[in-house]
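# Residue-level structural notes
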Amino acid sequence: WIATLPHLISIHLDNNQIQKLPVDPLIKIKNLEELRLFRNHLQDSALQQLGCRDSLWKNLNILDVSLNRLTKFPKELLSKLPNLRVLNLSSNKIAADLEDWNSPPSSLEVLDLSDNQIVEIGQRFILSLVAHCLELKTLLLGNNCLPSIPLEIGLLPASLNCLDLRGNPQRAVRYSVLERSASEQVKFIQNRMSPDHLASAKLVVQEMSSPRNSTDKGNASISCNGPTSSTGNSTTSSVAPNIEDEKIKPTYGGQEGSLEDTQKAPPNIGDEKIKPTCGGQEGSL
């Protein structure tokens, strides 16, 4: 039936038990701007089918697939949504390294990866956001499994007004710092970078931003003299541990609690009625 409505601009299929997407009918809706699929039973294969298509929705602004069963998000799909502003992947089971996300859409303003199982976010992932997403306003990485915070976060753009890194097992940045505004957190982390590391990271960002190097974005690397942490075969620069750091208790929505508390109401990124706490202050996404 959805194929009979080719002029739709907004589709809400949330709070169902959808496991598979009607891919062929969906891609025929050329002017789709908003697709909300939160709180379903979607698995990786559902999005992989979309990523395999040659052309998708050039006008799509909002994609919400939170509260599903995803373990990764295909980079092929990300590259085919050139005008995406809001991507909500929260409350899934994403654990895959985000290192291959090397070309996010330049229009991206909100990226929500909170309440997943992410262990490694990688240098290239952060630097690709710095290089391409100059209007990024919100980055949510809270309640994951990050053992360290990449120093490259210190280069995030000045447009950022909401940064959440709370609820991770890292011990390098005190909880009181993570409660500060986004700009203060970014400045604090950047101050931990050595001059050589900072210069090297900025050079990689410049190379990523250069049109003539667009095909080599995924091959950029950083050589730095600062402290590092390793996970598997990858090495990521991280904030040096603070031996005075107190034990950090995970927070959910700004309060201590359990992950189950977040399942009571699905997040609706892009809805002004929802006011997440960012840096100790309420704000709208």
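See the structure shown above.
None of the values given here were measured: they were computed from a predicted structure.

Before going further, it helps to examine the overall build of the protein. Per the secondary structure count, the protein includes seven helices and 13 strands. Residue burial in the protein is summarised as follows: out of 285 residues, 50% are buried. Of the contacts formed within the protein by residues at least 6 apart in sequence, a portion of 66% connects residues at least 24 apart. Total accessible area on the protein stands at roughly 13600 Å², and carbon and sulfur atoms take up 47% of it.

Moving on to the sheet that holds strand E2 (residues 34–36). Read from one edge to the other, the open sheet built from seven strands follows the order E1-E2-E3-E4-E5-E6-E7, with strand pairing classed as parallel. Edge positions in the sheet fall to strand E1 (10–12) and strand E7 (162–164), since each of these pairs with one other strand and no more. Across the sheet, the mean angle separating the axes of adjacent strands is 5 degrees when strand polarity is ignored.

Let us now look at the pattern of salt bridges. Any two side chains of opposite charge can pair if their charged atoms end up close together. Tallied over the full model, the rule gives seven salt bridges. For the salt bridge of Glu109 with Arg85, the shortest nitrogen-to-oxygen distance reads 3.6 Å. Of this pair, Glu109 sits in the loop between strand E4 (86–88) and strand E5 (110–112) while Arg85 sits in the loop between helix H3 (75–78) and E4, and the two are 24 residues apart along the sequence. Classification of Arg85 by relative accessible area gives partly exposed; the value is 29%. Taking the shortest distance from any N to any O, the salt bridge between Glu179 and Arg166 comes out at 2.6 Å. On the criterion of sequence distance, the pair formed by Glu179 in the loop between helix H5 (175–178) and helix H6 (182–190) and Arg166 in the loop between E7 and H5 is long-range, its members being 13 residues apart. Take Arg166: its relative accessible area is 5%, and that puts it in the buried class.

The rules we used
Residues numbered from 1 in each chain as written. Predicted model: local features only at pLDDT ≥ 70, side-chain atom pairs only at ≥ 80, totals over all residues. Heavy atoms only, no water. Helix = DSSP H or I, 4+ residues; strand = E, 2+ residues; numbered from the N terminus. Buried < 20%, exposed > 50% of the residue type's maximum accessible area, 1.4 Å probe, protein only. Contact = heavy atoms within 4.5 Å. Areas by Shrake-Rupley, 256 points an atom, 1.4 Å probe, with all protein chains shown as cover. Pairing = 2+ DSSP bridges. Axes fitted to C-alpha atoms, helices over the stretch in contact; angles between N-to-C directions. Salt bridge = Lys/Arg side-chain N within 4 Å of Asp/Glu carboxyl O.

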